[in-house]
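# Examination of the molecular architecture
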Amino acid sequence: MQKCRGLLELGNSVLESCGSFFDPAMLAQLDAALAHEFAAQARARADDAAGELDSAIRGGRSAETLAALSERLSAAKSAASKAEARFAQATDVIAPLGGNPTSAGFDAVAVGQISAATLIDVIDKLETAKNAMAAAQAHAQTLFVASQRLSQAQVGVPKERIGKGIAHQVALARHESPHRGRQLCELAEVLVRELPCSMDAFSRGSLNEFRARIVATETVFLSFEDRARVDRCISGDVGAVELMGTRELRAAARKAAYQLDPEAFVKRGQKAVGDRYVSLRPAADGMTFLTALIPLKQGVRILNTLTKVAQSARAAGDERSKGQVMADALMHRLIQHAACDDGAGTISDHRGAPAPGADGAGGGWPGAVREPWCTAVREPEIALELVMTDRSLFGSDNEPAVLVGYEPIPAPTARDMILQPDTAADGFSPRVWLKRLFTHPDSNALLAMDSRARVFPEGMKEFIRLRDQRCQTLYCDAPIREFDHIKSYAAGGPTTTENGQGLCTDCNQAKEAPGWQFQRGTGPAGEGWATETTTPTGRRYVSVAPPLPGSPGRNPGRSKKRRC
């Protein structure tokens, strides 16, 4: 109990420190300094415009030129006036918040003393401390549950009723619903009793509660011994698991669990098909979230079909965004198209109101149309890119395959998608194309691939996308949307696969900000392609492309990224 009292005192101290950390006057000083900078730049542009107009007048330029320069000067003066007004508004806020505005409008000395590097250190340390506190909370929950079960047994509660009401107390203490309280208690029990390495990483602040749940969820079907093996594999190296992104951690845990018990993994996936459902929940501004839990193959096809529809519409001049077109196409197909008998008796069964007959009958449902439309989708040209070894494809090897842009999938599932297309289920009979990838025999890094299918620039993009698989920014699991020069083209960087990386749009735009630096490197022990990123505050991060199937001696839990 002494440790409990110590944690209580620490919690009170942390609450007090966190509550007094923020100084709103300092934030106001920073806002005023930024407004001052914008105002100074606007004044400089107005002065430049006035100088150009004066030079034009002295040089006897044409009336049209003078009119254009005069209009430019007027716009610059108007922008400068607005910037000055915003600066004045920003300085007016400082004093009411307890700050000391100077004759310049803000305290330049105080603003200059703010250290971005120190602030990012505070953010990092608080994140670690927050995770460690959540781990202590999990330990406390496990002890609380055990003590309450003992107390109930001591007062004569029947064995089958022991445990009632315990999770409700935890839920109240954590300001959560009873259902959420039960989930939190179950997670704490699993982590403390069955996943010691993950719990240790959690206690050190290297894992947060959400990621710890991923390890627990992905190993739920394993025996106690196999679960412990996956736990050591994934979380045995605390420094490595700390730098895994959420999607990377889930993939590593799933792959390790599959390799230990592939039969149970596949059976679990087959059973999960029975859990498919569609739900609707409210969103802001009169919108809703329509969610569907469906098998992987059908989900990928739906997304690829909608993507293809959106790309075609945009190429034809449609002014809607890609997301808008995809949403509209989904609504149209589900609302306007009549149901049919395709896939009868399978998971793709979507029978409903009969399609209109040849005699023009409406089928008995309001708003029926004459065309025999249905919800079936036939898009044989859509590519599902699977990366797997020849041993897994044609032999009995159980090395998981990689569905590019998604996650590793079991080898039997990948073989079925390629060798046994399920034509009876959804009327979809795809053509299968094989493309060879050549990897290094030691590091398994992607070196080359067949390129006859595409011209060189597109082939290079495909190579980078297959090699990197997802955005190469540390912790970012977003799909690759753009292909970037690590050393910029303007700085002399060549357009080669060695100097290329796949990024999402947001990360590619972020790296254009001042102070970011990038260079090509190699992963730990020469494993794969790596990119070293240096942020404006001087922190360095190394991101390594995830391994392809068939990695020799590769630990599936080893981090592919690291922070320096």
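Above this text is the structure in question.
It should be emphasised that the depicted structure is a prediction, and the values quoted were computed from it without experimental measurement.

### What to know about a nonpolar patch on the surface
- On the surface, Val278, Leu280, Leu290, Leu330, Met331, Leu334 and Ile335 cluster together to form a nonpolar patch covering roughly 720 Å² of accessible area.
- Elements that contribute at least two residues to the nonpolar patch include exactly β1 (277-282) and α15 (322-335).
- Per element, the largest residue contribution to the nonpolar patch is 4 residues, and it comes from α15.
- With respect to the secondary-structure elements, Leu290 resides in strand β2 (residues 288-293).
- The exposed category is assigned to Leu290, whose relative accessible area is 52%.

### Details of the side chain of Arg174
- Tracing the backbone through its elements, the reader meets Arg174 in the loop between α6 (166-173) and α7 (178-194).
- At a separation of 3.3 Å, a polar atom in the side chain of Arg174 contacts the side chain of Gln137.
- What Arg174 contacts, discounting residues up to four positions off in sequence, is Gln137, Gln141, Leu184 and Glu209.

### Re the nonpolar core
- In this structure, Leu191, Phe202, Ile234 and Leu249 are the most contacted members of the largest nonpolar core, which totals 32 residues.
- Only α5 (116-154), α7, α8 (196-203), α9 (209-218), α10 (224-235), α11 (238-242), α12 (246-260) and α13 (262-272) provide two or more residues apiece to this core.
- Per element, the largest residue contribution to this core is 6 residues, and it comes from α12.
- Counting 20 residues, the second largest nonpolar core, distinct from the first, contains Ala39, Ala46, Ala83 and Ala90.

Reading guide: rules and limits
- Residues numbered from 1 in each chain as written.
- Predicted model: local features only at pLDDT ≥ 70, side-chain atom pairs only at ≥ 80, totals over all residues.
- Heavy atoms only, no water.
- Patch = residues over 30% accessible without salt bridge, like charges linked within 9 Å, V, L, I, M, F, W, Y side chains within 5 Å.
- Areas by Shrake-Rupley, 256 points an atom, 1.4 Å probe, with all protein chains shown as cover.
- Salt bridge = Lys/Arg side-chain N within 4 Å of Asp/Glu carboxyl O.
- Helix = DSSP H or I, 4+ residues; strand = E, 2+ residues; numbered from the N terminus.
- Buried < 20%, exposed > 50% of the residue type's maximum accessible area, 1.4 Å probe, protein only.
- Polar contact = N/O pair within 3.5 Å; in protein donor to acceptor, adjacent residues only side chain to side chain.
- Contact = heavy atoms within 4.5 Å.
- Core = buried A, V, L, I, M, F, W, Y, C linked by side-chain atoms within 4.5 Å.

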